[in-house]
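Okay, here's what each chain looks like letter by letter:
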Number of protein chains: 2
Amino acid sequence: MTSDMSGDISEFIEFAHGLADSAGAEILPMFRNFGEVENKDQDGFDPVTAADRAAERVMRVEIEARYPDHGIFGEEFPRRRAAGAYEWVLDPIDGTRAFICGLPLWGTLIGLSENGKPLIGVMDQPYLGERFWGGPDGAFFRNRQGEKEISTRKSATLDTAILGATTPEMFEGEDADRFYALGKNCRMTRYGADCYMYCMLASGLVDIVAEARLKPFDIAPLIPIIEAAGGCVTTWDGADAGNGGNVLASCSPALHESALRTLNM
Amino acid sequence: MTSDMSGDISEFIEFAHGLADSAGAEILPMFRNFGEVENKDQDGFDPVTAADRAAERVMRVEIEARYPDHGIFGEEFPRRRAAGAYEWVLDPIDGTRAFICGLPLWGTLIGLSENGKPLIGVMDQPYLGERFWGGPDGAFFRNRQGEKEISTRKSATLDTAILGATTPEMFEGEDADRFYALGKNCRMTRYGADCYMYCMLASGLVDIVAEARLKPFDIAPLIPIIEAAGGCVTTWDGADAGNGGNVLASCSPALHESALRTLNM
């Protein structure tokens, strides 16, 4: 059973790398050349481009062909329920706002969950030629220079920690008070990096990421990367983060505990 | 006189490209591998690394050898006054905070001012292999795929504009009120990109950048790039931005006027 399972996992990771290649091939020609930006939010601004849709579409076609009984839960098209235990969780462009600003910190997120629990995850940044992935065998990074295993910075304490979030605008009401209380106790706060910030945490460069109102596909694919690198991810209440909501990621169990305490003071 | 002058300018731009190459060669091996972070600010956190100092040092040595009567005004070492009209304005790593977070949106800024007025400027991002430069002959961009002339997005109006800034933490008191008033009138606000945001403005992807308390070397090298691409740069009061302070950059004269009006309502 164990060896069958690890065979499956290598196969899933290899397949996910292929999905990332295909998504990148769709997106890259449209980076800084994306045509019209559509707004999905009547009351605000939630941009989507042809690149988001083309990338999710190509991944769906490949998954349906290879794993017809797997579910697919993506940002741009309706959810396809799984016949079995496995569901692919896709965000073709996490950080569409960064994408339309020309900032290369967006990423393609590809996760596979087993009975609702994140099993493996890939974050791909094709313009940088960077890819982060994780699962039961560890967390890894590759760029144009090579490939290596990554791990979080275990030494960080709250007062020396670097805190990241995509934008202060994601925090409303009490969430804002809680986030700023955490920020006041950290060394510095950096905004503006979507999924990329979690990968910097997994790489030992950022210590805490705290974000609000995430969707499941914004975070589920990142959980196996963060955890395999030695980090922790929960909601701000310490519960499972796989369904999104207010998410806290930290580089070590000790720092996670300090950060949770500060968020809940 | 005119042809002599344009000869000088091509020579200066070529020399500035060489400085960017040398700075990048110093910095790149230390990106995500920077050793100790020193804090220059007793009351806050103003990080500097060995990479900042090594990059500025190598550029100073080259300038002193080639143009002994030119001045040098850099972030990390004392100002060397010019014997003549020309002064090099250097920020070896603009965005040291991004640098220590592993985020590849920092840049090396190299400007040449003539009698205090920015004449040419270069922004180099060696990890991305991207370079932006500008002067009397236009604004240009190159990356691993090729080279092209760049220009701002002329069509943006305030209500469709993308506004950028490095961090909301740079705005204190009245500055914050003025910035948020501007943001409320734009389509979206994006944080977190230092010099890179001005280059996205010059590339037609971001429409307004408003920042507070900049030092001269944070902005002077970017002015020739923004202006040659069709944009405008002034202080929030409409004055010369070459000495830093509160800086506003916009993609067109019409949008600049709207943004100035909103900042000063």
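The rules behind each value
- Residues numbered from 1 in each chain as written.
- Chains lettered and ligands numbered in written order.
- Predicted model: local features only at pLDDT ≥ 70, side-chain atom pairs only at ≥ 80, totals over all residues.
- Heavy atoms only, no water.
- Pairing = 2+ DSSP bridges.
- Helix = DSSP H or I, 4+ residues; strand = E, 2+ residues; numbered from the N terminus.
- Axes fitted to C-alpha atoms, helices over the stretch in contact; angles between N-to-C directions.
- Contact = heavy atoms within 4.5 Å.
- Buried < 20%, exposed > 50% of the residue type's maximum accessible area, 1.4 Å probe, protein only.
- Polar contact = N/O pair within 3.5 Å; in protein donor to acceptor, adjacent residues only side chain to side chain.
- Domains from an automatic or database assignment.
- Buried area = accessible area lost by both parts, 1.4 Å probe.
- Salt bridge = Lys/Arg side-chain N within 4 Å of Asp/Glu carboxyl O.
- Nonpolar A, V, L, I, M, F, W, Y, C, P; charged D, E, K, R; others polar.

Novice: Can you help me understand the sheet that holds strand β11 (residues 188–191) of chain A in this one?
Specialist: Two orientations exist for strands paired in a sheet by backbone hydrogen bonds: parallel and antiparallel. Residue and element names in this part refer to chain A. One open sheet accounts for 5 strands, arranged β11-β10-β12-β14-β13; its pairing is mixed. Of all strands in the sheet, those with a lone pairing partner are β11 and β13 (232–235), marking the two edges. Taken over all neighbouring pairs, the strand axes of this sheet differ in orientation by 20 degrees on average, direction set aside. Strands in contact with helix α5 (residues 194–202) are β10 (162–165), β11, β12 (208–214) and β14 (245–250); relative to β12, the strand with the most contacts, it is inclined by about 150 degrees.

Novice: Sorry, what's going on with the side chain of B:Asn246 here?
Specialist: Residue and element names in this part refer to chain B. Here Asn 246 lies in strand β14 (residues 245–250). Since its relative accessible area comes to 17%, Asn 246 is described here as buried. Separated by 3.1 Å, the side chains of Asn 246 and Asp 175 make a polar contact. A distance of 3.0 Å separates a polar side-chain atom of Asn 246 from the backbone nitrogen of Arg 213.

Novice: I keep staring at the sheet that holds strand β3 (residues 71–74) of chain A and nothing clicks. Help me out?
Specialist: All names here are of chain A. Overall, mixed pairing links the 7 strands, which are arranged β3-β4-β5-β6-β7-β8-β9 in an open sheet. Each end of this open sheet is capped by a strand with a single partner; those strands are β3 and β9 (146–149). Adjacent strand axes in the sheet meet at a mean angle of 15 degrees, parallel and antiparallel pairs treated alike. Packing of helix α2 (residues 50–66) onto the sheet brings it into contact with β3, β4 (86–94) and β5 (107–114), and relative to β4 it is tilted by some 160 degrees. The sheet strands contacting α5 are β4, β5, β6 (117–125) and β7 (130–135), and the helix crosses β6 at an angle near 110 degrees.

Novice: What is the right way to look at the domain arrangement of chain A in this model?
Specialist: Often the size quoted for an interface is simply the accessible area lost on bringing the parts together. Residues and elements named next belong to chain A. Looking at the assigned domains, one finds that chain A contains domain 1 (3–149) and domain 2 (158–263). When each unit is reduced to the centre of its C-alpha atoms, the spacing between domain 1 and domain 2 is 21 Å. Contact residues are listed per partner, giving 30 residues for domain 1 and 19 residues for domain 2. Regarding the contact of domain 1 and domain 2, the summed buried area is about 1,900 Å², with carbon and sulfur atoms giving 72% of it. Summed over the three residues of domain 1 that lose the most area to domain 2, namely Leu 105, Pro 118 and Phe 132, the buried surface amounts to 27% of that side. For the pair domain 1 and domain 2, the number of links is 0 salt bridges. Elements with a contribution of two residues or more to the side of domain 1 that touches domain 2: β3, β4, β5, β6, β7 and β8 (138–143). Here the element with the most residues in the side of domain 1 that touches domain 2 is β6; it accounts for 7 residues. Looking at side-chain class alone, the side of domain 1 that touches domain 2 contains 17 nonpolar, 9 polar and 4 charged residues.

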